[in-house]
Amino acid sequence: MPRTIAVGLDGSPESRAAARWAAREAALRGAVVKLVHVWQPVPEPMAQAPLVGAETQQHWTERIPREAAEGLALSHPGVEVSTEQRGGRPAEVLAEVADEAELLVLGSRALSGIGGYLVGSVGQAVVARTEVPVVVVRAGEQAVDEHLKDPVGIPSAATAFRPVVLGLDTGSPAEEVLAFAFEEAQRRAARLTVVQGWNLPASYAYTMAGGYDPREDLARAQAGALTEVLLPWRKKYPDVEVDELSRLGSPASHLIDASHDASLVVVGRRVRRGPFGVHIGAVTHAVMHHATAPVAVVAHH
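The text that follows walks through the structure, step by step, so that each part is easy to find. As the structure is a computational prediction, the values presented were derived from the model and not from experiment. (Residues numbered from 1 in each chain as written. Predicted model: local features only at pLDDT ≥ 70, side-chain atom pairs only at ≥ 80, totals over all residues. Heavy atoms only, no water.)

1. A short note on the nonpolar core
Part 1 of the argument: Formed by 45 residues in total, the largest nonpolar core has its most connected members in Leu35, Val105, Phe182, Leu192 and Val266.
Part 2 of the argument: Among the elements that take part in this core, helix α1 (residues 13-29) stands out by supplying seven residues, more than any other.
Part 3 of the argument: Counting residues in hydrophobic clusters, the runner-up holds 30 residues, among them Val38, Ala98, Leu104 and Leu255. (Core = buried A, V, L, I, M, F, W, Y, C linked by side-chain atoms within 4.5 Å. Buried < 20%, exposed > 50% of the residue type's maximum accessible area, 1.4 Å probe, protein only. Helix = DSSP H or I, 4+ residues; strand = E, 2+ residues; numbered from the N terminus.)

2. Here's the deal with the environment of Ala219
Part 1 of the argument: You can see Ala219 is positioned in helix α8 (residues 215-236).
Part 2 of the argument: Ala219 sits in the partly exposed class, given a relative accessible area of 31%.
Part 3 of the argument: Each C-alpha atom of the pair Ala219 and Leu200 lies 9.8 Å from the other, and the pair is 19 residues apart in sequence.

3. Focus on the pattern of salt bridges
Part 1 of the argument: On inspection of all chains with the given rule, the structure shows 20 salt bridges.
Part 2 of the argument: Here Arg191 and Asp243 are joined by a salt bridge, their closest N and O atoms 2.7 Å apart. You can see Arg191 sitting in the loop between α6 (175-188) and β8 (192-198) and its partner Asp243 sitting in strand β9 (residues 242-248), a full 52 residues away along the chain.
Part 3 of the argument: Residue Arg191 is classed as partly exposed on the basis of its relative accessible area of 35%.
Part 4 of the argument: Between Arg220 and Glu216 there is a salt bridge, with its nearest N and O atoms 3.0 Å apart. With Arg220 and Glu216 both in helix α8, this residue pair falls four residues apart, about one helical turn.
Part 5 of the argument: Here Glu216 falls in the exposed class, since its relative accessible area comes to 58%.
Part 6 of the argument: Beyond isolated ion pairs, a larger network of salt bridges with shared partners links Arg3, Glu25, Arg29, Glu102, Glu184, Arg187 and Arg188. (Salt bridge = Lys/Arg side-chain N within 4 Å of Asp/Glu carboxyl O.)

Right under this line is the structure:
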């Protein structure tokens, strides 16, 4: 069975950008792309209306994936593309689709004035439910955005990839997230920038009152912990150049800043189910909404 990258397609500019990103990723992975269009049955009273009836709905449900597949076939002739239509609630159907693929790609609406993502309820629900990596792509994302500018400063898809950025918690490093980030950097022959943000302990005020500022010692300890976590991964992926950034402050803010120069941002999501449902996590939630590069959310236990 071929390796498959699934795309949630609804005809929006965001989902079309997601489809193009998936095709580029499929070329790197040697995978096929499956465009999945999810449609919800029209309620009976609306089905009688001439402009939104069953025939009109059938026309659009067939046209959207067909035109997207034709566009990808022209722009990425070496990538196999298939289409599929499924009925039901989009969040539930896309979660099922993800379980049948090695990667799910979704589109996300850009936030005007901020330049980041606005991940809707469907996207958030899918990310929270699936254990397959999910990549969120904003409208307008192009191949040149993933690459460095050429020597004269002109955007080009023929130059080297921008770095892959990984958000890492050295207190609980997840192998699934680390492996995904290193693999993506290796596929792109790109640098891997590993970002760790940390905060001062609650006892900081008391130590300062005693005349001791622990920030320098804490910074060395945090940087040392990051180096220690990454050492075996550097050995496993010797061709991947790694930059380590350990900084005081919000992990989400540091990752969002780093996303401006990234081809891809990788964050983790702990798989946990409580009495109030599934969760994404505060850092991952913030990065999904505000990063300016595509964001890969990798579930881990």
